[in-house]
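Spelled out, the chains give:
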Amino acid sequence: MREFFEKLYKGDDVTLYARLRERLLNHQKTMVVTANPEILMKASQDETMRQALMNESTWITPDGEGVVHATKQLGYHLWGKIAGVETVEKLFEIGNEEELGLYIYGSKQEVLDALAEKLKARYPHLQILGLKNGYTNHDDEVASDMLAKQPDIVLTALGVPRQELFIWKYFHQFDQGVFVGCGGSLDVLSG
């Protein structure tokens with residue numbers, strides 16, 4: 001498990017968000033794993049999940065006090081926790097400023113409907129390319145729709161580890177984009 005902590009992003013949130021903006025504008029493909037202890041445990045027990053986290057295009061950020069504490073206990077200097085919900089919100093801001101395309105797969109339909117209203121009001125230049133609820137087993141269909149629309153930002157709210165494994169399964173088919181498994185962030189941001 002130490003390999004995950006060695007790879008863990010240790011800088012501050014401002015620098016992270018600046019680097020994500022740069023990746024988006026340069027069409028560089030990036031998977032962001034907002035790591036809590038559950039994600040790291042799953043990755044230590046599942047080879048596919050481990051491969052996803054250890055890929056050179058994957059960034060692991062510390063989302064959880066347990067991860068922050070463990071990182072410091074292992075002797076690594078860490079700026080602090082970077083909450084996944086804040087990362088998602090920052091991606092909405094960047095997407096709005098740069099008029100980027102967004103695709104969301106996951107959560108319940110009522111959460112997506114509420115979120116869509118908030119996004120349209122707060123981020124009028126963010127292009128919503130897809131909002132698909134996660135209570136289906138149509139991953140291939142959703143991935144095909146994403147590929148056809150080529151979003152800049154992809155958020156999956158399917159629970160751990162399904163959201164990370166979904167991204168990883170289709171990641172190689174995309175030429176660009178920032179992909180984030182965002183868990184319950186949509187629930188929070190939708191109100």
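Residues numbered from 1 in each chain as written. Predicted model: local features only at pLDDT ≥ 70, side-chain atom pairs only at ≥ 80, totals over all residues. Heavy atoms only, no water.

Caption draft 1: Molecular detail of the sheet that holds strand β3 (residues 101-106). Read across the sheet, 6 strands follow the order β2-β1-β6-β5-β3-β4 without closing on themselves; strand pairing throughout is parallel. Since the sheet does not close on itself, it has two edges, and those belong to β2 (58-62) and β4 (127-132), each with one partner. Strand-to-strand, the axes of this sheet are offset by a mean angle of 15°, without reference to chain direction. As paired strands, strand β1 (residues 30-35) and strand β6 (residues 178-181) are joined by 4 bridges and run parallel to one another. What sits directly across from Met31, in β6, is Phe179. (Pairing = 2+ DSSP bridges. Helix = DSSP H or I, 4+ residues; strand = E, 2+ residues; numbered from the N terminus. Axes fitted to C-alpha atoms, helices over the stretch in contact; angles between N-to-C directions.)

Caption draft 2: Main features of the pattern of salt bridges. By the definition in use, this model includes 9 salt bridges. Among the salt bridges present, the one from Arg50 reaches Glu3, with a minimum N-O distance of 2.9 Å. Of this pair, Arg50 sits in helix α4 (residues 47-54) while Glu3 sits in helix α1 (residues 2-7), and the two are 47 residues apart along the sequence. Assessed through its relative accessible area of 26%, Glu3 is described here as partly exposed. In this structure, Glu47 and Arg50 form a salt bridge, with 3.3 Å as the shortest nitrogen-oxygen distance. Remark: Arg50 and Glu47 occur in helix α4; sequence separation between them is 3 residues, near one turn of the helix. (Salt bridge = Lys/Arg side-chain N within 4 Å of Asp/Glu carboxyl O. Buried < 20%, exposed > 50% of the residue type's maximum accessible area, 1.4 Å probe, protein only.)

Caption draft 3: Examining the environment of Ala143 more closely. Relative to the helices and strands, Ala143 resides in helix α8 (residues 139-149). Not counting residues up to four positions away in its chain, the partners in contact with Ala143 are Phe166, Tyr170 and Phe174. (Contact = heavy atoms within 4.5 Å.)

Caption draft 4: Geometry of the packing of helix α2 (residues 13-25) against helix α6 (residues 84-98). Their axes nearest at 10 Å, the elements α2 and α6 cross at an angle of 45°. Of the possible angle classes, the one that applies to α2 and α6 is oblique. Every pair of crossing elements has a handedness; the one defined by α2 and α6 is right-handed. Together, Leu16, Tyr17, Leu20, Arg21, Leu24 and Leu25 of α2 and Glu86, Thr87, Lys90, Leu91, Ile94, Glu97 and Glu98 of α6 make up the contact between the two elements. (Parallel < 35°, antiparallel > 145°, perpendicular 65-115°, else oblique. Left-handed = near helix turned anticlockwise from the far one by under 90°.)

Caption draft 5: Highlighting the side chain of Ser57. Tracing the backbone through its elements, the reader meets Ser57 in the loop between α4 and β2. Non-local contacts of Ser57, meaning those with residues more than four positions away in its chain, are made with Lys29, Thr30, Met31 and Phe171.

Caption draft 6: Spotlight on the environment of Leu131. Turning to its location among the elements, Leu131 is positioned in strand β4. Those residues within four positions of Leu131 in sequence are excluded, and the remaining contacts are Ile104, Leu112 and Ala116.

Caption draft 7: Quick peek at helix α7 (residues 109-122). An ideal rise of 1.5 Å per residue puts 20 Å on 14 residues; α7 measures up with 20 Å between its terminal C-alpha atoms. Among all positions of α7, only Val111, Leu112, Leu115, Ala116 and Leu119 are buried. Seen from one end, α7 has its buried residues packed into an arc of 135°, which puts them on one side. Set apart from the buried face of α7 by more than 90 degrees, the exposed residues are Glu110, Glu117, Lys120 and Ala121. Its buried side turned inward, α7 meets α6, β3, β4 and α10 (185-189). (Expected span 1.5 Å × (residues − 1). Arc of directions from axis to C-beta.)

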